[in-house]
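Chain and residue survey
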Amino acid sequence: MIFSHIPVLQVIVPLVAAPLCVIFPFRKFCWTVALAATLTSLWIALTLLITVYAHGPITYELGGWAAPWGIGYRIDILSAYMTVLVSLISSVILVFSPRSIGAEISNARAHLFYTLYLLNLTGLLGIAVTGDAFNLFVFLEISSLSSYALIAMGQDRRALTAAFQYLIMGTIGATFYIIAVGLMYAMTGTLNIADLAQRLPEVMETRTILVALAFLIVGIGLKIALFPFHGWLPNAYTYAPSVVSAFLAATATKVAVYILLRILFSVFGPDAVAAMPIAQPLMILALFAMTIGSAVAIFQDDAKRLLAYSSIAQIGYIILGISFLSVTGLTGGILHLFNHALMKSALFLSLGAVFYRIGSVQISDMAGLGRRMPWTMAAFVVGGMSLVGTPLTVGFISKWYLIRAALESGWWPIAVLVLASSLLAMIYIWRVVEIAYFRGHPEAGADIKEAPLSMLVPIWFLTGANIYFGINTGDTITAARAAATMLLGGPQ
Amino acid sequence: MIIDAFPPGLVLVFGAFLLPLLPGPVRAAAILLLPLTTLALIISLPDGNLVAIPFLDYELNPLRSDKLGRLFGIIFSIMAFAGGLFALKQERVAELSAAFLYAGSAIGVAFAGDLVTVFIFWEMMAIGSGIVIWSAATPASFRASMRYTLVHFAGGVVLMFGIAMTIVDTGSIAFEPMRVGSIGTWLILAGFLVNAGAPPLSAWLPDAYPEASFSGSVFLSAFTTKTAVYVLLRGFPGTEILIYIGVFMIFYGIIYALLENDMRRILAYSIINQVGFMVTGIGIGTELALNGAAAHAFAHIIYKALLLMSAGSVMYMTGKRKCTDLGGLFQSMPLTATCGIVGALAISAFPLTSGFVTKSMIAQAAVDQHMLYVWYALAAASAGVFLHAGIKFPWFVFFQKDSGLRPDDPPWNMRWAMILFAGLCIGIGVHPAPLYALLPFEIDYVPYTGPHVVAMLQLLLFSGLAFFLMLPLMKRTLTLSLDFDWFYRKLGTVAALAVTDKISRIRNRAEASGRRLLDTTIAAATRPVKPRGALARNWETGSMVLAVTVALGLFALLFF
Amino acid sequence: MSDLSELDKHWLVRKATIKKLWILGLLMLALTVVAELRVHMHGEFGLDELFAFNAWYGLGTCAIMVVGAKILGYVLKRPDTYYEGDDHDH
Amino acid sequence: MNSHSVVRVVTKLLMPFIFIYALYVQFHGDFGPGGGFQAGVIFASGFVLYTLVFGLENARRVAPAWLTRTALGLGVLIFAGTGIASMIYGGLYLDYSALAHDPHHGQHLGILIVELGVGITVAAAMISLFLVFAGQDKDD
């Protein structure tokens, strides 16, 4: 009975939990509610994934209004994959959060953090499950607005300007999206994604749709932080509270990539995308993102900022995989979506633990931490190795697919670039490792203790996942390949 | 997933993580027992692919057992045992853990049946050996380990790229003999050669190994280069270019060793030289040559470790590492000196030592294939080995002028490790049959024939003569009253000096301007990504919006 | 060293011993060459069929290598503090 | 503006009408133009007027932080709760037909409650936003 409602429950659970945190502003209570809600979301997401695997896509009509009139939720393998990713990461981060929030956000605002966090989660999950292009915009705005507020909660005063800049850029992105949806609605008279896909081919050649496509790519590119639309990201990730950086880096940009995948492959369709000059510009931008992001990261002094630039590079990898328009490439991109979320959340959370202990994430302040906080820094190293693409970590798996895709398409210089930029990644990770392990007087900072267990457990859960999915690759690859095949119009 | 046997390398890999957790005496027992367990496991392995694990779209075969793999597995585990014994008193557990990780992954490579497993263990080796160097805990070793790891990761990237291309080309991940031709196989070969210490990427070896601790460099001498020899044996037998690379390595090693003053750097260069013999053998590629390369690798691990053990003992007892600071130690360290001399004789392939029964196979293969110049080169090189390692090392360390140092022989564990390996050097030399039985191909080679022994003795003893005659050329501050400086006077040192002085001035200028050019180029290339650069500074919201608008226009233009 | 009298030295490094060692060494050299009269050496490539090939070849190539190394040394050798200046930024 | 008695008196006179108009738009929403969103904004505009004239302190006394906050959450809960209720009664989410025996009545009831939730949320949000911006030093 309740089972048939799970698609909508995926969104409702965090949505109902959010106001509870506003009404009862007690820190512990809010945390419990939020954790219960995210864990329920995770359970629902896993159920969805298993169901979709076994029985194919699920649809749910809100209010009983059939699509295209009503809003329909449609969950296929890719949506289910995204919901699992988002709810998994957000659960782990919530487990981590109490102490970090206690240190970085004033007591009076803690409940607001949980509210916004849940709203953000609502938005992200909603984007993944909805089958309606306008409803998607609504959820996009829910998640975006809450993330602006979350970033603004950072201690540093610059968090406000960072949030404001993100607000402007994010709003432009969302506006571009809604303009494009409006244009498509004008031409087809529908907002339902499946319906749009049916009616678009007739009007594909019209200027209206072409302009809509341009608006879509630039708008979503802004939300993804694809080079050169990434300007808002470094500051936002640097000055946001640690848990917010971890959460946004792991989920927000990933969901934006999901939107791109949906629009390109589910709305326009692989054939139309292949016929248009879309993949090539995306590929070029992705290559720029990979190299420039990594190169800039090398010279950063702030570890969070370093990871932020690294995120820009990693987003490049994901887009690169998509731009091959092949099953292998898409599999690689989708895999990296998941894998990068695992790495970056682990890395940002370790920095959160570092900040909790030493009150700074300047690389120069981390001297000798390898000795003082061995478990935290070891997690950072493993996460970094995953970022570099060392075998037995998830990073290797996704890079392997990207390289294979490049070679299959005959673009071997791109494969070289992928490898070269992982060398760059090695350099910037090494900078942190070198300072943390090889610098500093043995006696310096003797009073610094290892992070508390409530932080270490979630960090190592994610770090362990980095290794586990790097060795047991079957599940993630099957899911990613199924999603890629589906997007390219194969049997569902 | 099929698992018929436990991969022996993993015993050491898991043991590596266990060691730091064990209390002192138990740890010592574990250090000795783990390699022996591994050895027993290896000997008991039946032939065939014993483990199959599905990975990505393929099947990994991390445990392919055959004669060639077993040969390397056996010597690697013996080496881990002797190295462990030698390092038993090493206070830094990190070094031993890393060394076991390193040895375990080398064994992993030896039994890897597919390229992915090779690559995984390959990288683990780089990590393990990097930590071994690093754990010497001196500033120089930190930097050396960093350079070392970077070179090896770069080599790893090349290798991974080659593997990926080859897998895409052939559709198979099996690690079988390859023919160079496609870019992929060339890259694999290049990746392998980086670890073999082949030029131009060989400098990491003499750069890093001597920076390790007294026991660390013993481990280092054994695994990386010999694993590279193994993968070349497996993957590229009979690849002609390897002959030239090998010969080059041989002479490169000799020349640089002759110039060197640091005793462990001398030995590091001689690793390159010895690996050159093996690479040449692999390039020749006949059954005899391959047998020779494999056998030589086996023997080489033993005597090179022995040499480094005696050097390590000297360093442990005196704290000095430069030839100019050492000398006359034979008086108070007779055992160390004797073992060092045994190692030196073995590396020079004196009859009745292990080098004699293994290296000569490679030379014989060159004769059989009528490779005139290769044979001449190998003969000259054999003489050169005696010159640079066989005499130079023991002479300058244990004899030469008296440095006045009178240290004792090292503690019992180090003594026994040296005795064990010295015994093996002679044992194999006297009775090579058991080693020959382990070789990958059937063999009917007889090393001890009259002409062969006489020829070798002539060659070696006369190069010994050359050494003593030319001592002044190798060492100016010599107190030995040998009156033979006529030799280089006759060569006209004055004229030579004038020329070389000019050359060196030109070189200095070229170096300085090249450096400046490099510096400015790098500065120009990195400026945009440095903190205040165009790509890295905080963008104004306005310019971001402008970029977005321009991009929108471009996309719209593109689509019309 | 010079302040040590001959008798205080280890017997192996006394002048008399060294002289004996030289004689012994030269004897062994001669022996290996003479041995060639008894053992039939079969060359493969021509040059190596010459009498005492290995003796003069070993001596000669070693001399070339030492001299070659010496000459290369002018180009390659540096004081062993050469690299220390480069690491100041570490 | 405390001193301008004309403004004060006119405001006091206007307030009830603004609120009643808001309620009209609110409850008429399911028959004619209007609905919770518009009603909420109108309601909040009345309050804004009050604040402009009588000052922030008085306004906060009328609508303390905990009240606006609770109202904000309550509105969302009413909205989401209606949807859940329709699920409990055997329909799909927000399927108002399931709320009463007669689907027509159900639709009527459902829209009424949902719009009420929307109205409360929007009014509370608008008031909060205004007060926070006006107050600057306090947050809520």
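Before reading on, note that the structure itself is shown above.
In this report, we go over the structure that sits alongside the text. Note that the coordinates shown come from a computational prediction; the quantities given were computed from them, not determined experimentally.

The helix and strand tally for chain A stands at 20 helices and 2 strands. Computed over the C-alpha atoms, the radius of gyration of chain A is 21 Å, within 12% of the 23 Å expected from 2.2 N^0.38 for a compact globule of 492 residues. Based on the C-alpha atoms only, the size of chain A along its principal axes is roughly 75 × 55 × 40 Å. Split into buried and exposed, the 492 residues of chain A put 68% on the buried side. Relative to all contacts within chain A whose residues are 6 or more apart in sequence, the contacts with residues 24 or more apart total 81%. Of the roughly 15000 Å² of accessible surface on chain A, a fraction of 68% belongs to carbon and sulfur atoms. Placing the 24 positive and 19 negative side-chain charges of chain A at their respective mean positions leaves the two points 7 Å apart.

Another point: the side chain of Thr 47 of chain A. The residue Thr 47 of chain A is located in helix α2 (residues 27-55) in this model. Ignoring any residue separated from it by four or fewer positions in sequence, one finds Thr 47 of chain A in contact with Phe 3 and Ile 6 of chain A.

With that settled, the discussion passes to the packing of aromatic side chains. All told, the structure shown has 54 aromatic pairs over all chains when counted by the stated rule. Measuring from centroid to centroid gives 5.8 Å for Trp 204 of chain B and Tyr 209 of chain B, while their planes differ by 75°, and the two rings are edge-to-face. Each member of the pair Trp 204 of chain B and Tyr 209 of chain B is classed as buried. Relative to Phe 53 of chain C, the ring of Trp 375 of chain B lies with its centre 6.0 Å away and its plane at 20°, an arrangement referred to as stacked. Of this pair, Trp 375 of chain B sits in helix α15 (residues 372-398) while Phe 53 of chain C is found in helix α2 (residues 53-76), placing the two residues in two different chains. Trp 375 of chain B sits in the buried class, given a relative accessible area of 14%.

Our focus in this paragraph is the pattern of salt bridges. Residue and element names in this part refer to chain A. This structure, assessed with the given rule, holds 9 salt bridges over all chains. With its nearest N and O atoms 3.9 Å apart, the salt bridge here joins Arg 431 to Asp 301. In this pair, Arg 431 is assigned in helix α18 (residues 412-438) and Asp 301 in the loop between α12 (279-298) and α13 (303-323), connecting sequence segments 130 residues apart.

The linkage connecting Phe 227 of chain A with the following residue, Pro 228 of chain A, adopts the cis geometry, with an omega of 0°. One can find Pro 228 of chain A in the loop between α8 (207-224) and α9 (232-239). For Ala 349 of chain B, which is not a glycine, the phi torsion comes out positive at approximately 65°. Examined against the element boundaries, Ala 349 of chain B turns out to sit in the loop between α13 (334-347) and α14 (354-368). Positive phi, close to 75°, is recorded for Leu 352 of chain B, a residue that is not glycine. Its location among the elements puts Leu 352 of chain B in the loop between α13 and α14.

Take helix α5 (residues 133-152) of chain A next. Residue and element names in this part refer to chain A. A rise of 1.5 Å per residue sets the reference length of α5, with its 20 residues, at 28 Å; its end C-alpha atoms lie 29 Å apart and thus fit the reference within 8%. In terms of burial, α5 is a largely internal element, 14 of the 20 residues being buried. In this structure Asp 132 caps α5, since a side-chain oxygen of it lies 2.9 Å from the backbone nitrogen of Phe 134.

Residue and element names in this part refer to chain B. Relative to the elements of secondary structure, Asp 114 occurs in the loop between α4 (93-110) and α5 (115-134). This buried residue, Asp 114, is left without a salt bridge; Arg 64 holds the nearest opposite charge, at 8.3 Å. One polar contact links the side chain of Asp 114 to the main-chain amide nitrogen of Asn 61, over a distance of 2.7 Å. Aside from chain neighbours lying at most four places away, what touches Asp 114 is Leu 60, Asn 61, Pro 62, Ile 173, Ala 174 and Phe 175.

Conventions and cut-offs
Residues numbered from 1 in each chain as written. Chains lettered and ligands numbered in written order. Predicted model: local features only at pLDDT ≥ 70, side-chain atom pairs only at ≥ 80, totals over all residues. Heavy atoms only, no water. Helix = DSSP H or I, 4+ residues; strand = E, 2+ residues; numbered from the N terminus. Rg over C-alpha atoms; globule rule 2.2 N^0.38 Å. Buried < 20%, exposed > 50% of the residue type's maximum accessible area, 1.4 Å probe, protein only. Contact = heavy atoms within 4.5 Å. Areas by Shrake-Rupley, 256 points an atom, 1.4 Å probe, with all protein chains shown as cover. Lys, Arg positive; Asp, Glu negative; His and termini not counted. Charge placed at Lys NZ, Arg CZ, Asp CG, Glu CD. Phe/Tyr/Trp six-rings, centres within 6.5 Å; stacked < 30°, edge-to-face > 60°. Salt bridge = Lys/Arg side-chain N within 4 Å of Asp/Glu carboxyl O. Expected span 1.5 Å × (residues − 1). Polar contact = N/O pair within 3.5 Å; in protein donor to acceptor, adjacent residues only side chain to side chain.

Taken by themselves, the reported measurements are silent on function.
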